[in-house]
Structures are given as C-alpha cells and as structure tokens.
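Spelled out, the chains give:
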Amino acid sequence: QVQLVESGGGLVQAGGSLRLSCAASGRTFSNGNMGWFRQAPGKEREFVTAIPWSGSMTYYSGSVKGRFTISRDVAKNTIYLQMNSLKPEDTAVYYCAARIGPVRQNRWDYTYWGQGTQVTVSS
C-alpha cells in the first residue's frame, strides 16, 4: 500500500555533505510518521531521525544531532535527510521508514521500508 524509494546516496569525503531523499507513494496518513535508519556491515540497524507528517517535533539520535537535519515536503510525500560534517562512522546503508501513529525509535515499530541507499564516507 505504501512504497518508499530512497535516493541521494553516494561517496563523500569526511567533512562533506550529502542530502538523501525518500519519496512515498500510495496512501498517506495525517497521523503518520517517517524517519531514517541506518545499518553498517555487521551491525544492528539503528535509529537516526524521525518526523511526523503533521507535527513539528523532530527526533535525532545523539550521534547525529547537530549534524543531520530531517525535513519534509508533505505535498510531494517526500522527506529529506541533510547530512553535514560527515564522518567515516556514518558509512552505512540508509533506510527510509514509515509508520502509522506516534513517532517511535525502534525498527520493529515501523511498517514500511525502502530498499536503502548506500552512503560511504572516506577518511
């Protein structure tokens, strides 16, 4: 019912910037929430940030706060992740995710997932 497609990943040098996009198609919900997760090789998929469709509050993990910014364009059913001051430890596959209901920060609370986009930060 809901499809998510990420784009914008690539290779960037440490200290550089990158912007990811996630376009959603299908049914949308006023009480829905969308966010970003990431997964490095051999590690658990972890929460990065989330934003509700209708609210103003945003949530960030401590490792990205101050460097990453999540934003949305409701009319386009799209969210963005602006990543600045990138570090090698930010290297991971980044996944867009969505759920119906309040913001949650655990991967098992999200119903819809994109295929992921690779972000590689060189040292």
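It should be emphasised that the depicted structure is a prediction, and the values quoted were computed from it without experimental measurement.

Some words on the packing of aromatic side chains
In the structure shown here, the tally under the stated rule is five aromatic pairs. Ring geometry for Phe37 and Phe47: centres 5.7 Å apart, planes at 80°, overall edge-to-face. Remark: Phe47 occurs in strand β5 (residues 46-52) and Phe37 occurs in strand β4 (residues 32-39); sequence separation between them is 10 residues. For the pair Phe37 and Phe47, a shared accessibility class is recorded, and that class is buried. Taking 5.2 Å as the distance between ring centres and 75° as the angle between the ring planes, the aromatic pair formed by Phe37 and Tyr110 counts as edge-to-face. Placement of Phe37 in strand β4 and of Tyr110 in the loop between β9 (92-100) and β10 (112-113) is noted, with a sequence separation of 73 residues between them. An aromatic cluster of at least three residues, connected via ring pairs, comprises Phe37, Phe47, Tyr95, Tyr110 and Trp113. Sitting above the plane of the Tyr95 ring, Arg45 keeps its charged end 3.7 Å from the centroid.

As for the pairing of strand β7 (residues 68-73)
Direction of pairing for β7 relative to strand β8 (residues 78-83): antiparallel, over a ladder of six bridges. Within β8, the position partnered with Phe68 by the bridge is Met83. Connecting the antiparallel pair β7 and β8 is a turn made up of four residues, with Asn77 showing a positive phi of about 50°.

Some points on the nonpolar core
Among the nonpolar cores identified, the biggest contains 26 residues, and Leu4, Met34, Trp36, Ile79, Met83 and Tyr94 are the most heavily contacted of them. Mapped onto this core, the elements with two or more residues apiece are β1 (2-7), β3 (18-26), β4, β5, β7, β8, β9 and β11 (117-122). Core analysis: the second largest hydrophobic core is formed by six residues, Phe37, Phe47, Ala97 and Tyr110 among them.

So, the environment of Thr120
By the element assignment, Thr120 lies in strand β11. Expressed as a C-alpha distance, the spacing of Thr120 and Asp73, which sit 47 residues apart in the sequence, is 26 Å. Beyond its immediate sequence surroundings of up to four residues, Thr120 is in contact with Gly10, Leu11, Val12 and Thr91.

Section: the environment of Thr49
Along the chain, Thr49 falls in strand β5. Residue class for Thr49 comes out buried when judged on its relative accessible area of 0%. When the C-alpha positions of Thr49 and Gly114 are compared, they lie 15 Å apart, and in sequence the two are 65 residues distant. Among residues more than four places away in sequence, those in contact with Thr49 are Gly35, Trp36, Tyr59, Tyr60, Ile70 and Leu81. At 2.7 Å, the side chain of Thr49 and the backbone oxygen of Tyr59 are in polar contact.

Cut-off values and rules
- Residues numbered from 1 in each chain as written.
- Predicted model: local features only at pLDDT ≥ 70, side-chain atom pairs only at ≥ 80, totals over all residues.
- Heavy atoms only, no water.
- Phe/Tyr/Trp six-rings, centres within 6.5 Å; stacked < 30°, edge-to-face > 60°.
- Helix = DSSP H or I, 4+ residues; strand = E, 2+ residues; numbered from the N terminus.
- Buried < 20%, exposed > 50% of the residue type's maximum accessible area, 1.4 Å probe, protein only.
- Lys NZ or Arg CZ within 6 Å of the ring centre and 35° of its normal.
- Pairing = 2+ DSSP bridges.
- Core = buried A, V, L, I, M, F, W, Y, C linked by side-chain atoms within 4.5 Å.
- Contact = heavy atoms within 4.5 Å.
- Polar contact = N/O pair within 3.5 Å; in protein donor to acceptor, adjacent residues only side chain to side chain.

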